[in-house]
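Now for the letters of each chain:
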Amino acid sequence: PPDQTSVFGSLCIATSCLIIGYRRATDATFNSKCSCLKALLDGLVPRVHSLRLQIIMGQCSSKTVEFAPGLLQDGGVFNQELRGRWHSLGRNQGVDEGMPQPSLNDIVGSNGRSKLGGVERAFPYQIVLSFPGAMFSTGSKTDMEGVTMESGHEMAMAIHEWLADEFEVTKNPEQYIYFDYYNLPFVPSTFAVTNYKNRGSTAHLNTNWNFYYVEAQLECHVMLVLVSLEWMESKWCRLELDTMVKLIEMDKTRFEDREILLYILDPACYTSAHFEGFKAQCDQVGIQLRNYYESMTPEEKSASEDETVGIIQRVCRFPKAYKGVKRAVEGEAPWTANTAVGGLE
């Protein structure tokens, strides 16, 4: 019936794995219905982010659809949007300014996804981390286990390690979790800049970081956004939210089965001069604000972390890692007074 077909179609779009089994392969009525079912699913596959489908019915062979093509295919909704973000010359002053960048044709694999470590990515990124790199001006933060973090970068590092351990991908986290500090060393023309902004830490700069980041945003099933007061006051961080809202508006159906988990790290964010505009953008696309304050009890933090894990388990998949991915850092440069990072323009 049409109403059941509509519900079934919605479920297919929202899932990552569907296995249909039936033993009575001699039942002509069932075989007829199954033919209709396969036709329906064949029509749905191009709309599904990642669907592994198996139809097993007696003597019929299994049919498997591993993953839909990447976003950089001709005719794709986001193809031109992404390609327009690619820069052919370096833009980081004192690091790679004016240096020729790789050809976009060499970066994109035959499956329409950017390569990682020179290898075609067999599946899309599942999680993306967005974070403020600066030191926390309102004091250090601690997780439920009491680990202290002094900056957004330290917190993102801790969350990346936690997720990789939780979902058993510690050997190849770059294939599943997009975290630019960790992932950029696997793409060409990335430079390690020591003592970044005199913070004592090393940053990985790549002129085309925004291309890779936005592609990951569009691919992932879960995006974790850490919002500190520094994030709220940063025009670059707010531009990331602007970009996210713009992408959602371009194709809302694509984001219906995605989760954007936005965590407010400090109550001071709510009194920022930028909060009203920020909240309006979140409301526009249905992003719910969650709190993860320093003042929360370990039990409250644990409940928040358990919720995050539960959501990821529900919407993400972690297939077997592919081989041959190698780091490709171009070189190293010290941070100086003349160093300037290319922005989003």
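None of these values were measured; they are calculated from a predicted model.

K.L.:
Which residues make up the overall build of the protein, and what values do they have?
P.N.:
Within the protein, the secondary structure is distributed over 11 helices and 12 strands. A burial count over the protein gives 50% of its 345 residues as buried. Here the analysis covers contacts within the protein between residues at least 6 apart in sequence; of these, 69% occur between residues at least 24 apart.

K.L.:
Could you give an account of the confidence of the model for the protein, naming the residues involved and the relevant values?
P.N.:
Mean pLDDT over the protein: 83, with 80% of residues reaching 70 or higher. By mean pLDDT, strand 2 (residues 52-57) is the weakest element of the protein at 40, and strand 6 (residues 177-178) is the strongest at 98. In the model, residues 21-31 has pLDDT below 50 throughout and makes 14 contacts with residues more than four positions away in sequence or in other chains. Taken as a whole, residues 45-65 scores under 50 in pLDDT and shows 64 contacts with residues more than four places along the chain or in a different chain.

K.L.:
Describe the sheet that holds strand 6, naming the residues involved and giving the relevant values.
P.N.:
Read across the open sheet, the five strands follow the order 6-3-9-10-11; overall the sheet is parallel. With one partner strand each, in any of the chains shown, strand 6 and strand 11 (289-291) form the two edges of the open sheet. In terms of strand pairing, strand 9 (residues 222-227) meets strand 10 (residues 259-264) through six bridges, oriented parallel. The partner of Leu224 across the bridge, within strand 10, is Leu261. Docked against the sheet, helix 11 (residues 298-315) engages strand 3 (127-130), strand 9, strand 10 and strand 11, running at close to 165° with respect to strand 10.

K.L.:
Talk me through the pairing of strand 10; I want residue IDs and the actual numbers.
P.N.:
When you tally the buried positions in strand 10, you get five out of six residues, the bulk of the element. When strand 10 meets strand 11, the two strands line up parallel, connected through three bridges. Within strand 11, the residue paired with Ile264 across the bridge is Asn291. Following the backbone out of strand 10, through helix 10 (residues 275-285) and into the adjacent parallel strand 11, one traces a crossover that is right-handed.

K.L.:
So what about the sheet that holds strand 7 (residues 190-194)? Which residues, and what values?
P.N.:
By definition, the strands of a sheet pair up through backbone hydrogen bonds, in either a parallel or an antiparallel sense. With mixed pairing, the three strands of this open sheet are ordered in space as 8-7-12. Each having just a single partner strand, strand 8 (203-206) and strand 12 (329-334) make up the two edges of the open sheet. Each adjacent strand pair in this sheet contributes to an overall mean axis angle of 30°, direction not counted. Pairing of strand 7 with strand 8 involves four bridges; the strand directions are antiparallel. Directly across from Ala192, in strand 8, lies its bridge partner His204.

K.L.:
Go over the side chain of Gln217 with me, naming the residues and quoting the values.
P.N.:
Note that Gln217 resides in helix 7 (residues 209-219). On the accessibility criterion, Gln217 (5% relative accessible area) is buried.

K.L.:
Explain a negative patch on the surface to me, and be specific about the residues and the numbers.
P.N.:
Among the surface-exposed residues, Glu161, Asp165, Glu166, Glu168 and Asp306 lie close enough to one another that they form a single negatively charged patch. Among the elements that line the negative patch, the one with the most residues is helix 5 (residues 152-166), at three residues. As for its position among the elements, Asp306 is in helix 11.

K.L.:
Report on the pattern of salt bridges, specifying residues and quantitative values.
P.N.:
Evaluated as defined, the whole model comprises 11 salt bridges. Residue Glu307 pairs with Arg290 through a salt bridge whose shortest N-O separation is 3.4 Å. Linking Glu307 in helix 11 with Arg290 in strand 11, this pair joins segments that are 17 residues apart in sequence. Judged by its relative accessible area of 12%, Arg290 falls in the buried class. One connected set of salt bridges, linked through shared partners, spans Glu81, Arg85 and Lys246.

K.L.:
Any chance you could break down the packing of helix 5 against helix 11 for me, citing the residues and the numbers?
P.N.:
The contact between helix 5 and helix 11 brings their axes to 12 Å, and the two run at 55°. Here helix 5 is positioned oblique relative to helix 11, judged by the angle of their axes. As for the relative orientation of helix 5 and helix 11, their crossing is right-handed in sense. Here Trp162, Leu163 and Glu166 of helix 5 lie close against helix 11, whose contacting residues are Glu305, Thr308, Val309 and Ile312.

K.L.:
Describe the packing of aromatic side chains, listing the residues and the values that go with them.
P.N.:
Tallying each qualifying case throughout the model produces 17 aromatic pairs. Ring plane angle 80° and centroid distance 5.2 Å describe the contact between Phe211 and Tyr212, whose orientation is recorded as edge-to-face. Judged by its relative accessible area of 0%, Phe211 falls in the buried class. Put simply, the rings of Phe123, Phe167, Tyr176, Phe318 and Tyr322 pair up and form one aromatic cluster. Cation over ring: Arg258 sits above Phe255, and NZ or CZ is 6.0 Å from the ring centre.

Thresholds, definitions, all that
Sequence order as written defines the numbering, with residues in each chain counted from 1. Thresholds applied to this predicted model are a pLDDT of at least 70 for local features of residues and 80 or more for the giving and counting of side-chain atom pairs; totals over whole chains, interfaces and linings are not thresholded and use all residues. Heavy atoms throughout the structure, all of them, feed into the side-chain values; hydrogens and water do not. We count a stretch as a helix when DSSP gives it H or I for four or more residues in a row; a strand needs E for two or more, and each element gets its number in order from the N terminus. For every residue, the accessible area obtained with a 1.4 Å probe (protein chains only) is divided by the maximum for its type, and the residue is called buried under 20%, exposed over 50%, and partly exposed between those limits. Residue contacts follow a heavy-atom distance rule, with two residues in contact if any of their heavy atoms lie within 4.5 Å. Here pLDDT means the predictor's own confidence in every residue, given as a number from 0 to 100. At least two bridges found by DSSP between two strands is the condition for calling them paired. Simply put, an axis is a line fit to the C-alpha atoms, just over the touching stretch for a helix, and the angle between two N-to-C directions goes from 0 to 180 degrees. Look down the strands so they point away from you; if the path from the first strand over the helix to the second goes clockwise, the crossover is right-handed. For patch building, the residue pool is restricted to those with more than 30% relative accessible area and no salt bridge; the joining distance is 9 Å between like charges and 5 Å between nonpolar side chains (Val, Leu, Ile, Met, Phe, Trp, Tyr). Accessible surface is estimated by sampling points in the Shrake-Rupley manner with a 1.4 Å probe; for residues, cover comes only from the protein chains shown. Just to be clear on terms, a salt bridge is a Lys or Arg side-chain nitrogen sitting within 4 Å of an Asp or Glu carboxyl oxygen. We count Lys and Arg on the positive side and Asp and Glu on the negative side, and we leave His and both chain ends out. Where a charge lies is defined by one atom per residue type, namely NZ (Lys), CZ (Arg), CG (Asp) and CD (Glu). For classification, angles of less than 35 degrees are called roughly parallel, those exceeding 145 degrees roughly antiparallel, those between 65 and 115 degrees roughly perpendicular, and all remaining angles oblique. Here a crossing is called left-handed whenever its near helix is offset anticlockwise from the far helix by less than a right angle, and right-handed whenever the offset is clockwise. Here a Phe, Tyr or Trp ring, Trp counted by its six-membered ring, pairs with any other such ring whose centre lies within 6.5 Å, and the pair is stacked when the planes are under 30 degrees apart, edge-to-face when over 60, and tilted otherwise. Two thresholds decide whether a charge sits over a ring: the Lys NZ or Arg CZ must be within 6 Å of the ring centre and within 35 degrees of the ring normal.

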